[in-house]
Amino acid sequence: MRKERLAKLLFGIGALALALGISTLVLLAAKAPPLAAYANIALGALGSWDVAANVLVSWVPLVLATSGLLVTFTAGLWNIGIEGQITLGAIFATWALRALQGAALPPALAIGLAFAAGMAGGALWALLTGALRTFGGVNEIFGGLGLNFVSTALNIWLIFGPWKRPGVASMSGTVPFDKSLWLPTLAPGSRLAPASLALALAGIALVFVLLRGSYFGLRLKAVGRNPRAALLLGIPAERYLLAAFLGCGLLAGLAGAVQVTAVYHRLIPSISSGYGYLGLMVAMLASNQAPLAALVALFFAALNVGSIRLPIVLKLDSSLAGVLQGSLVLFFLLGQGARQRLLERKRGGRP
Amino acid sequence: MRTSRILAIALLGLAIASSAFGQSAPPAAGSKLTIGLVLVGPYNDRGWSQANYDGLQYVKAKVPGVDFIYIDKANSADRPGTTVSQLAESLVSQGAKMIIFSSDDMMDEANKFAQEHPEIFVVMTTGDQSWKEGKAYKNLPNMINIMGKMEYMKMVAGVAAALTTKTGKIGFLGPLINDETRRLAASAYLGARYAWTSYLKKDPAKLEFKVTWIGFWFNIPGVTSDPTQVADDFFNSGYDVVISGIDTTEAVAEAAKFTAQGKKVWAIPYDYAKAIDEGKGVSLGVPFFNWGPAYAKAAKDAMAGTWKARFEWNGPDWKNINNPDTSAVGFNKGTLSKEASAAVDRFVAELAKGLNLWAGPLNLQDGSAYLKKGEKASDQQIWYLPQLLQGMQGQSVSK
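Residues numbered from 1 in each chain as written. Chains lettered and ligands numbered in written order. Predicted model: local features only at pLDDT ≥ 70, side-chain atom pairs only at ≥ 80, totals over all residues. Heavy atoms only, no water.

(A) Layout of the overall build of chain B. When helices and strands are tallied, chain B shows 12 helices and 15 strands. The C-alpha radius of gyration of chain B comes to 22 Å, within 12% of the 21 Å expected for a compact globule of 399 residues. For chain B, the spread of C-alpha atoms along the principal axes amounts to about 70 × 45 × 40 Å. Split into buried and exposed, the 399 residues of chain B put 59% on the buried side. For chain B, restricting intrachain contacts to residue pairs at least 6 apart in sequence, the fraction spanning at least 24 positions comes to 68%. Of the charged side chains in chain B, 42 are positive and 39 negative, and the gap between their average positions amounts to 5 Å. (Helix = DSSP H or I, 4+ residues; strand = E, 2+ residues; numbered from the N terminus. Rg over C-alpha atoms; globule rule 2.2 N^0.38 Å. Buried < 20%, exposed > 50% of the residue type's maximum accessible area, 1.4 Å probe, protein only. Contact = heavy atoms within 4.5 Å. Lys, Arg positive; Asp, Glu negative; His and termini not counted. Charge placed at Lys NZ, Arg CZ, Asp CG, Glu CD.)

(B) Highlighting the interface of chain B and chain A. Contacts between the two partners involve 39 residues from chain B, matched on the other side by 37 residues from chain A. Together chain B and chain A conceal approximately 3,100 Å² of surface at their shared face, both sides included; 53% is due to carbon and sulfur atoms. Of all residues in chain B, Gln 86, Gln 94 and Asp 108 of chain B bury the most surface against chain A, accounting for 15% of the area lost on that side. At the surface where chain B touches chain A, the tally comes to three salt bridges. Ionic pairing is found between Glu 89 of chain B and Arg 191 of chain A, a salt bridge with its closest N-O pair at 2.8 Å. Linking chain B with chain A are eight residue pairs in polar contact (both at pLDDT 80 or more), by the criterion used here. Those elements that place two or more of their residues in the side of chain B that touches chain A are helix 1 (2–12), strand 2 (66–71), helix 4 (84–93) and helix 5 (107–116) of chain B. At six residues, helix 4 of chain B tops the list of elements feeding residues into the side of chain B that touches chain A. Here the residues of the side of chain B that touches chain A are counted per class, giving 15 nonpolar, 13 polar and 11 charged. (Buried area = accessible area lost by both parts, 1.4 Å probe. Salt bridge = Lys/Arg side-chain N within 4 Å of Asp/Glu carboxyl O. Polar contact = N/O pair within 3.5 Å; in protein donor to acceptor, adjacent residues only side chain to side chain. Nonpolar A, V, L, I, M, F, W, Y, C, P; charged D, E, K, R; others polar.)

(C) Structural detail: the pairing of strand 3 (residues 98–101) of chain B. Residues and elements named next belong to chain B. The alternating pattern of strand 3 places Met 98 and Ile 100 on one face and Ile 99 and Phe 101 on the opposite face, and all of these are buried. Pairing geometry for strand 1 (residues 33–38) and strand 3, over four bridges, is parallel. Among the inter-strand pairings, Val 38 is bridged to a residue of strand 3, identified as Phe 101. Note: strand 3 against strand 4 (residues 121–125), four bridges, orientation parallel. Each bridged residue has a counterpart across the sheet, and for Phe 101 the counterpart in strand 4 is Met 124. (Pairing = 2+ DSSP bridges.)

(D) Region of the structure containing the side chain of Gln 259 of chain A. Residues and elements named next belong to chain A. Inspection of the secondary structure puts Gln 259 in helix 10 (residues 237–264). Overall, Gln 259 belongs to the buried group, its relative accessible area being 1%. Engagement of the side chain of Gln 259 in a polar contact is seen with the backbone oxygen of Ile 271, the distance being 2.8 Å.

(E) Here's a closer look at the confidence of the model for chain A. Within chain A, residue pLDDT values average 91, and 98% of them lie at 70 or more. Model confidence for chain A, summarised as mean pLDDT per element, is weakest for helix 9 (residues 227–232) of chain A at 84 and strongest for helix 4 (residues 82–100) of chain A at 97. (pLDDT = per-residue confidence, 0-100.)

(F) Representation of helix 6 (residues 150–164) of chain B within the structure. An ideal rise of 1.5 Å per residue puts 21 Å on 15 residues; helix 6 of chain B measures up with 21 Å between its terminal C-alpha atoms. Counting buried positions over the 15 residues of helix 6 of chain B gives 14, a clear majority of the element. (Expected span 1.5 Å × (residues − 1).)

(G) A look at the sheet that holds strand 11 (residues 310–314) of chain B. All names here are of chain B. Taken in spatial order, the six strands of this open sheet run 2-1-3-4-5-11, and their pairing is parallel. This sheet does not close on itself; its edge strands, each paired only once, are strand 2 and strand 11. Across the sheet, the mean angle separating the axes of adjacent strands is 20° when strand polarity is ignored. Packing against the sheet, helix 5 makes contact with strand 3, strand 4 and strand 5 (143–148), and its axis sits at approximately 170° to strand 4. (Axes fitted to C-alpha atoms, helices over the stretch in contact; angles between N-to-C directions.)

(H) Representation of the sheet that holds strand 8 (residues 241–244) of chain B in the model. Residues and elements named next belong to chain B. Spatially, 9-8-6-7-15 is the arrangement adopted by the five strands of the open sheet, whose pairing is parallel. The sheet is open, and its two edges are formed by strand 9 (266–268) and strand 15 (392–393), each paired on a single side. Direction of pairing for strand 6 (residues 169–174) relative to strand 7 (residues 208–213): parallel, over a ladder of six bridges. What sits directly across from Gly 174, in strand 7, is Trp 213. Against the sheet, helix 7 (residues 179–199) engages strand 6, strand 7, strand 8 and strand 15, with an angle of about 160° to strand 7. Those strands touched by helix 9 (residues 250–260) are strand 6, strand 8 and strand 9, and its axis lies near 165° from that of strand 9.

(I) Spotlight on the packing of aromatic side chains. Residue and element names in this part refer to chain B. Scanning the entire structure with this criterion turns up 32 aromatic pairs over all chains. Measuring from centroid to centroid gives 6.5 Å for Phe 68 and Tyr 70, while their planes differ by 40°, and the two rings are tilted. Summarising the burial analysis for this pair, Phe 68 and Tyr 70 share the class buried. With a centroid separation of 5.2 Å and 65° between ring planes, the pair formed by Phe 234 and Tyr 239 is classed as edge-to-face. The pair formed by Phe 234 and Tyr 239 is uniform in burial state, with each residue classed as buried. Each member of the aromatic cluster is reached from another via a ring pair, and the members are Trp 48, Tyr 270, Phe 289, Trp 291 and Tyr 295. Here the guanidinium or amino end of Lys 169 rests over the ring plane of Tyr 239, the centre of that ring lying 4.9 Å away. (Phe/Tyr/Trp six-rings, centres within 6.5 Å; stacked < 30°, edge-to-face > 60°. Lys NZ or Arg CZ within 6 Å of the ring centre and 35° of its normal.)

(J) Quick look at the packing of helix 8 (residues 227–236) of chain B against helix 9 of chain B. Residues and elements named next belong to chain B. One way to put it is that helix 8 packs onto helix 9 with a least axis distance of 9 Å and a crossing angle of 45°. Looking at the two axes, helix 8 sits oblique to helix 9. In the crossing of helix 8 with helix 9, the sense of the turn from one axis to the other is right-handed. Here helix 8 contributes Pro 227, Thr 228, Ala 231, Asp 232, Phe 235 and Asn 236 to the contact with helix 9, which in turn contributes Glu 250, Ala 251, Glu 254, Ala 255, Lys 257 and Phe 258. (Parallel < 35°, antiparallel > 145°, perpendicular 65-115°, else oblique. Left-handed = near helix turned anticlockwise from the far one by under 90°.)

(K) A look at the domain arrangement of chain B. Residue and element names in this part refer to chain B. For chain B, the domain assignment lists domain 1 (13–150 + 291–314) and domain 2 (151–288 + 334–393). Each of domain 1 and domain 2 has a C-alpha centre, and these two points are 30 Å apart. Tallying the contact residues gives 26 residues for domain 1 and 27 residues for domain 2. The contact between domain 1 and domain 2 buries some 2,300 Å² in all, and 59% of this surface belongs to carbon and sulfur atoms. At the junction of domain 1 with domain 2, the criterion picks out one salt bridge. Residue Asp 277 is joined to Arg 46 by a salt bridge in which the shortest nitrogen-to-oxygen separation is 3.9 Å. (Domains from an automatic or database assignment.)

(L) Region of interest: the pattern of salt bridges. Residue and element names in this part refer to chain B. In this structure the tally under the stated criterion is 17 salt bridges over all chains. The partner of Lys 112 in a salt bridge is Glu 116, and the shortest N-O contact between them spans 3.9 Å. Within this pair, Lys 112 and its partner Glu 116 are both found in helix 5, separated by four residues, close to a single helical turn. Of the residues examined, Lys 112 reaches a relative accessible area of 15% and is grouped as buried. Ionic pairing is found between Asp 232 and Lys 257, a salt bridge with its closest N-O pair at 3.7 Å.

Right, here's the structure in full:
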């Protein structure tokens, strides 16, 4: 057991080293100084309290989306539709805030209702993919991908149509909400809302407990490993798959609601910020382990925020962060595959 | 440093703090100033963003002690997860004391940034929040708005188009619908109609002028209409001159393509003086912004401590509209017939002498009166033009 852990760790480090190697080659090909680039990313992510807070702002929706994906991954599902689920969460949260803006509700209640609406929106969209899969025989990858496009179209239509600014349809999104409906931050000028941080921590903790220590988690795992065998053991696999979609949708919807209430304070065209796809990478890299996923998400968020300095200081494109993240996942998966083969060979199985 | 400031403000209480820094501009920056430029598109887009970038190159060359840094593609599609004010703060952390937000899409974020950073000089290009007589006025002591009177050069573009078209059909490739884009499309129409009736002595009813909006300043696949497609549609349906109102150069590229196929069509790009090089032989000229002088003035004010919140709507230097040191807007002539070229010169001379096409009688697109006979449009009437003008085809208000 211990040996296996050590091997895993070594493969992880190997993947990181290879990813760094590829990124360095990319930098050298672009005639850019690699060390300065990495130093700037680090400074851009940790150089001051403000940027560190920005990393956490980015971490919150990413870790919420990732938490949701841990549930669907456990059930053996490729929930590519998470992007749409985040978007629907944002749309529902916006809808709630627009409806409540004039009402004389305490802001905390209005924001709370917006979160609830966002979760409902995400869950609805996820269940749609789930229903397509369980009742319609549509693989969740294709169903989810299709619904992602639908959610984007719906979002754009709302921003340029019914919810447009007075007289102007703007790519910068809907009119910002009144400041009272922004999720409060610690100090004026700070971006980090402590409540959103608490939500993210609660989300990942909940998923950890659910998957690690609950009967539900155990059965979900069984469904994920082998749905037919699970069915034979008396586990209603379809119901568990739908429950996994529901759980992921709730968390993804919450991520969307956070984007609206705590980050942009309005609905914008690319409201999901790609956190769904990024979350898929985080969950893969973290081998579906919740605590590790939280850390990997933090690393990815730091890369995203830190890389803003690249174009400013070194005139480099920020997409270097994406190169690093992508190659990291790729090498990690390759490493996993290689390790699997080695193990099989040792056991004298198939070559 | 900032944390302690924030703590101090928190202690003072919000109300006191906001009134305390609601009063005065930031202190003089002194002999050295780093400017941070926030661009909506790529810095080398050969359009709007590059014109702004070149404006700061001018400042760096002309004002001793000034340097600048920039972040381009500052929009949430290109930089997911970031906000424009956050990007501006990254520039501040690299030493910028003055920030230029150079797109109308950045209005909310520029206001937020200006309020949260009273110690930073803020310019918002194209905005009107520092215009006391404007509709969006906000009391922001550190905010200057800068815009060029492009209306004049769009009229010149209209003249060039009217003198060139063989079919009497002019297309206008519009970005999104707002006050600015409406008044610029209308200006192009006014210029075209004036040349059509006064120079060519033709029947105004025989001039077609159609506006098609794509939805944003540049193409975003899946979100906006494709400007290439829109330009093609114009050329395929008898419109032989397309005036571009967007930030990129699709209209010129399509005109070149159609010309290569033997069709006689032309285009007029926008924003950037050197955009004329793109379409040799098909580009009639380019109305362009020259941001350098206004940005230089703002930089000098920041350094000397003479900064005052204000709204600038700068016109051309009528002695030489293309003077890089004095003219805020200009027109670079391209492939024009002798006759059209002469008409453009004549028109510029008439404008310089006081010709005003924004004068009554003028009706809005729906037929309602905009200006009575003899009435001249005020700056507010032009800036906030509520619809396209009568005689123009195309959508007036976004639905």
